[in-house]
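Here are the chains, one letter per residue:
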Amino acid sequence: MTALIAVPAWLLGSAFPVVGSPVLGILFGMLLAFLKRPALFDDGIRYTSKKLLQYSIILLGFEMNLFHVFEVGGQTLILMAFTLTAAFVTAYFAGRALGLDSNTKTLIGVGSAICGGSAIAATAPVIKADDEDVAHSISTIFLFNVIAAFLFPFLGHLMGMSDHSFGLWAGTAVNDTSSVVAAGYTYSNAAGNLAVIVKLTRTLMIVPVTLVLAFYTSRKNAASGKGSYDFKKIFPWFVLGFVAASVAYTFLPLPAALCGFLSQAGKFMIVMAMAAIGLNTNLIKLVKSGAKPILLGFICWVVLSLTSLGVQYALHL
């Protein structure tokens, strides 16, 4: 069922990459959630939204070249450290001030800081986020992705930014890969090339962030009596699969067509998982409670953008 929903979402998302297939998948799922469905679909929907989501992250590793980390250079990694920290700190304190629950704050924080939908997909099973948390976060990140794709090139020209500076800015401050590509190449080919490399390097931050969140969540649950601390149970094993796939893609002579197929399969599986999450989400409830997550997403987006510009200026990147 989720695969059937994912097909039109995938095709439309390919035609309109600024919107993206995952967003359409979750939207179609939420619309179909109004229809009563046979109970026999429930186990498959649950499996897709949890397990298949984890497997999809592993397959994304087949497009992650670890040499990109060295290619962007040490100074760019320093810039990334500042922007990631700013996004997480902002999500925590602004989210607390807005009265948002811990999972929504975390998902919007990682979605803003790392790579939009993929980071949310990787983090959700680690922190045991429910489907409505994921739906809030995906829809919030999507909104500012679309705005950034159109607004960033305009602001870049307005500020007279060089191709290098704009590439760094788009690569560190725009969330989803599709929007980074749109903003970067709208500005110039050179800016687009650098923005994509910075963005892919930023995506690798999924690994340490999910590990830290796994330990933190387990410790918090153990302290509150919700479960005991068990390293094997809390460890996000699928992240090791992501690392292994990245290593294989970087160092082994794998056919380019095979790696392309596997990474595309991973992206399609994410759309399936988003459709499953949409099927378990109450759209009316989501709209009624959507103002605060959107405000948090906006605050994180502004802080991230300004931090990237400020650090570039301070370090003369």
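Residues numbered from 1 in each chain as written. Predicted model: local features only at pLDDT ≥ 70, side-chain atom pairs only at ≥ 80, totals over all residues. Heavy atoms only, no water.

A.B. asks: Whenever I open this one, the nonpolar core confuses me. Can you help?
C.D. replies: General note: in soluble globular proteins, nonpolar side chains tend to be found buried as a group. Judged by nonpolar contacts, the single largest core of 58 residues is most densely connected at Ile 57, Ile 114, Val 134, Phe 152, Phe 166 and Met 274. Those residues in contact with Val 134 that lie beyond four places of it in its chain are Leu 107, Ile 120, Ala 124, Ala 129, Met 274 and Ile 277. Counting 13 residues, the second largest nonpolar core, distinct from the first, contains Ala 245, Cys 259, Leu 262 and Met 272. (Core = buried A, V, L, I, M, F, W, Y, C linked by side-chain atoms within 4.5 Å. Buried < 20%, exposed > 50% of the residue type's maximum accessible area, 1.4 Å probe, protein only. Contact = heavy atoms within 4.5 Å.)

A.B. asks: What is the right way to read the confidence of the model for the chain from this model?
C.D. replies: Detailed reading of the predicted coordinates is not advisable wherever pLDDT is low. Predicted confidence across the chain gives a mean pLDDT of 86, with 94% of residues reaching 70 or more. Within the chain, the element-level pLDDT minimum falls on helix 12 (residues 231-234), averaging 60, and the maximum on helix 1 (residues 2-15), averaging 93. (pLDDT = per-residue confidence, 0-100. Helix = DSSP H or I, 4+ residues; strand = E, 2+ residues; numbered from the N terminus.)

A.B. asks: I would appreciate a short explanation of the pattern of salt bridges in the present structure.
C.D. replies: Close approach of charged atoms allows side chains with opposite charge to pair. In the structure shown here, the tally under the stated rule is four salt bridges. Close ionic contact of Asp 42 with Arg 37 constitutes a salt bridge, the shortest N to O distance being 3.4 Å. Lys 267 is paired through a salt bridge with Glu 63; the nearest N and O atoms lie 3.1 Å apart. Here Glu 63 lies in the loop between helix 3 (42-60) and helix 4 (67-98) and Lys 267 lies in helix 14 (residues 256-279), a separation of 204 residues in the sequence. On the accessibility criterion, Lys 267 (30% relative accessible area) is partly exposed. Given the relative accessible area of 24%, Glu 63 is considered partly exposed. (Salt bridge = Lys/Arg side-chain N within 4 Å of Asp/Glu carboxyl O.)

A.B. asks: Is there a simple way to explain a nonpolar patch on the surface in this structure?
C.D. replies: A contiguous nonpolar patch, built from Leu 143, Ile 147, Leu 151, Phe 154, Leu 158, Met 159 and Ile 294 and spanning about 610 Å² of accessible area, is present on the exposed surface. With five residues, helix 7 (residues 131-158) is the largest single contributor of residues to the nonpolar patch. Within the element layout of this structure, Ile 294 appears in helix 16 (residues 291-315). (Patch = residues over 30% accessible without salt bridge, like charges linked within 9 Å, V, L, I, M, F, W, Y side chains within 5 Å. Areas by Shrake-Rupley, 256 points an atom, 1.4 Å probe, with all protein chains shown as cover.)

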